[in-house]
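Structural characterization, general
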Amino acid sequence: MGIACGIVGLPNVGKSTLFNALTSNNIEAANYPFCTIEPNVGIVAVPDERLDALSIAYETQKKVPTTVEFVDIAGLVKGAAQGEGLGNQFLSHIRQVDAIAQVVRCFSDDNVIHVSGSVDPLRDIEIIETELILKDIESVAKRIETLHKKARANDKDAKEEIEMLERLQPHLDGGRTVRSFQTASDVETLYLRNLFLLTNKPQMYIANTDEEGVKNGNALISAVRERAAKENAIVVSICAKIEAEISQLEAEDRELFLADLGMEEPGLHRVIREAYQLLGLITYLTAGEKECRAWTVKKNSTAPQAAGAIHTDFERGFIRAEVMAYKDWKRLGTEAAVKEAGLYRTEGKEYIVQDGDIMYFRFNV
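Rules used throughout
Residues numbered from 1 in each chain as written. Predicted model: local features only at pLDDT ≥ 70, side-chain atom pairs only at ≥ 80, totals over all residues. Heavy atoms only, no water. 1 Å grid on protein atoms, 1.4 Å probe; cavity = no way out; pocket = protein on both sides within 12 Å on 5 of 7 lines; lining within 4 Å. Points joined across faces, edges and corners; volume = space filled by probe spheres on them. Nonpolar A, V, L, I, M, F, W, Y, C, P; charged D, E, K, R; others polar. pLDDT = per-residue confidence, 0-100. Contact = heavy atoms within 4.5 Å. Helix = DSSP H or I, 4+ residues; strand = E, 2+ residues; numbered from the N terminus. Expected span 1.5 Å × (residues − 1). Phe/Tyr/Trp six-rings, centres within 6.5 Å; stacked < 30°, edge-to-face > 60°. Lys NZ or Arg CZ within 6 Å of the ring centre and 35° of its normal. Buried < 20%, exposed > 50% of the residue type's maximum accessible area, 1.4 Å probe, protein only. Pairing = 2+ DSSP bridges. Axes fitted to C-alpha atoms, helices over the stretch in contact; angles between N-to-C directions. Salt bridge = Lys/Arg side-chain N within 4 Å of Asp/Glu carboxyl O. Arc of directions from axis to C-beta. Polar contact = N/O pair within 3.5 Å; in protein donor to acceptor, adjacent residues only side chain to side chain.

1. Observations concerning empty space enclosed by the protein
- Under the defined criterion, the tally for this structure stands at 1 cavity of 30 Å³ or more.
- What the largest cavity holds in volume is close to 40 Å³.
- Forming the boundary of the largest cavity are Gln-102, Glu-129, Leu-132, Thr-177, Arg-179, Thr-199 and Gln-203.
- Considered class by class, the residues forming the lining of the largest cavity number 1 nonpolar, 4 polar and 2 charged.

Here it is in structure tokens:
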């Protein structure tokens, strides 16, 4: 679907190390600011036990997971909105992603310098948020200036958008994000969406800690969680350094290493899944002997829209969808048993696809 999650944060908080582990691309991750100038992009498979189980049961020839695109964006610094540290360039990269994963440092290590001289994740979050808000203030001011020209020509839509933006301005001036701004209508929500404002993007926090922090937590992680709770935001705590080591191991060695750490799976699996959720995506599945595949669609997609993820002809010529829920298939064991239980359904154009649906489409073009 071409949907991307940007990895952002201050320099030296572990962004590139995390990106390396996610993608195994071995992008340079050095102990100095601005190691990453141009954003690096990686396509990452979304771990899904359902796809694995279906592939085994159907003895499929090919298994294809769904994916998320991660973008490693260079470290921001205080003053980025005014161009400090190549800030304008980096902020423009953030504008192009659909969601933000902000990496914050939650570990102490004298060998890894911090751009602000000390470890304080809440201060770091404030710096990043302030820079994003300042850029949004600038963008809103420019938009209002443009709209005034249209409004003088009696453009009704322009006048409506100006009214909304003039309510948004003091909100942003007060140090608050667009995410916390209440629009008055669906039309206003659409106006905001079309502006691609930085603080209107969904955001999660990745607390990069050490091995002890992963196992038992620490005060720095707790502080981030308290802040995130007020924003209704997701927090995932990982040790990027360990995750990078795990990503380089063979499957058997990886299992032993995880067991030694007391982990059931790599922490990155949760980062990937949470990013997928953050982007407002769900997965439906197709299963057969030739191929089992996970397909990405937006939440609340209709059956024809889901069919279109396979091919536009499927959506254009949609007749019906044959559907069974993965949980029913898992509980009963086979497709035949699901049919026998009366849980294999035929759905029409209005059906809203659910995460984990196993679908077969009938179409005619």
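The discussion continues.
2. Side note on the confidence of the model for the protein
- On average, the protein scores 87 in pLDDT, and the residues at 70 or more come to 89%.
- Within the model, pLDDT remains below 50 along residues 25–37, and this stretch shows 38 contacts once partners closer than five positions in the same chain are excluded.
- Here residues 83–87 is a poorly scored stretch, pLDDT under 50, and it has 9 contacts once near neighbours within four places are set aside; other chains count.

3. Here's the deal with helix 8 (residues 219–231)
- In this model helix 8 runs 19 Å from its N-terminal to its C-terminal C-alpha over 13 residues, within 8% of the 18 Å that 1.5 Å per residue would give.
- Looking at the buried residues of helix 8, the elements they touch are strand 5 (99–105), helix 4 (121–151), strand 6 (203–208), helix 7 (211–216) and strand 7 (234–238).

4. Observations regarding the packing of aromatic side chains
- Under the counting rule described, the total for this entry stands at 5 aromatic pairs.
- Here the aromatic cluster, defined as three or more aromatic residues joined through ring pairs, consists of Tyr-284, Trp-295, Phe-318 and Phe-361.
- The ring of Phe-107 carries Arg-105 above its face, with NZ or CZ at 4.5 Å from the centroid.
- The ring of Tyr-344 carries the charged tip of Lys-339 above its face, separated from the ring centre by 4.7 Å.

5. Some thoughts on the pairing of strand 5
- In terms of burial, strand 5 is largely enclosed, as 7 of its 7 residues are buried.
- Because side chains alternate across strand 5, one face comprises the buried residues Ala-99, Ala-101, Val-103 and Arg-105, and the other comprises Ile-100, Gln-102 and Val-104, equally buried.
- Pairing of strand 1 (residues 4–8) with strand 5, which is carried by 4 bridges, proceeds in the parallel orientation. Its bridge partner being in strand 5, Ile-7 is matched across the sheet by Ala-101.
- Across 6 bridges, strand 5 lies against strand 6 in parallel orientation. Opposite Val-104, over in strand 6, you have Ala-207 as the bridge partner.

6. A look at the sheet that holds strand 5
- In space, the 6 strands of this open sheet follow the order 2-4-1-5-6-7, with mixed pairing throughout. Only two strands of the sheet have a single partner each, and these edge strands are strand 2 (40–45) and strand 7. Strand-to-strand twist across the sheet, computed as the mean angle between neighbouring axes with direction ignored, equals 25 degrees.
- Looking at chain direction, strand 1 and strand 4 (residues 67–72) are connected through 4 bridges and run parallel. Bridged to Gly-6 within strand 4 is Val-71.

7. Focus: the pattern of salt bridges
- In the structure shown here, the tally under the stated rule is 22 salt bridges.
- A salt bridge links Asp-355 to Arg-50, with the shortest nitrogen-to-oxygen separation between them at 3.0 Å. Here Asp-355 is found in the loop between strand 11 (345–347) and strand 12 (357–363), whereas its partner Arg-50 is found in helix 2 (residues 49–57), with 305 residues between them in sequence.
- The exposure class assigned to Asp-355 is partly exposed, which follows from its relative accessible area of 39%.
- Residue classification places Arg-50 among the buried residues on the basis of a relative accessible area of 18%.
- Note that Glu-138 and Lys-142 form a salt bridge whose closest N and O atoms lie 3.3 Å from each other. Taken together, the residues span about one helical turn, with Glu-138 and Lys-142 both in helix 4 at a distance of 4 residues.
- For Glu-138, a relative accessible area of 29% puts it in the partly exposed group.
- Counted as one network, the salt bridges with shared partners bring together Glu-126, Glu-129, Arg-227 and Glu-231.

8. Regarding the pairing of strand 9 (residues 292–298)
- With 5 of 7 residues buried, strand 9 lies mostly within the body of the structure.
- Here strand 3 (residues 63–64) runs beside strand 9; their pairing, made up of 2 bridges, is parallel. In the strand pairing of strand 9, Lys-63 is matched with Cys-292.
- The pairing of strand 8 (residues 281–286) with strand 9 spans 6 bridges and is antiparallel.

9. A few points about helix 2
- Residues of helix 2 that are buried: Arg-50, Leu-51, Leu-54 and Ser-55. The buried residues of helix 2 all sit within an arc of 130 degrees when viewed along its axis, so they share a single face. Of the exposed residues in helix 2, the ones pointing more than 90 degrees away from its buried face are Glu-49 and Ile-56.
- Where the residues of helix 2 are buried, they touch strand 3, strand 8, strand 9, helix 14 (326–332) and strand 12.
- Between a side-chain oxygen at the N-terminus of helix 2 and the backbone nitrogen of Arg-50 the separation is 2.9 Å; the capping residue is Asp-48.
- Phi turns positive, to about 50 degrees, at Glu-59, one or two residues after helix 2.

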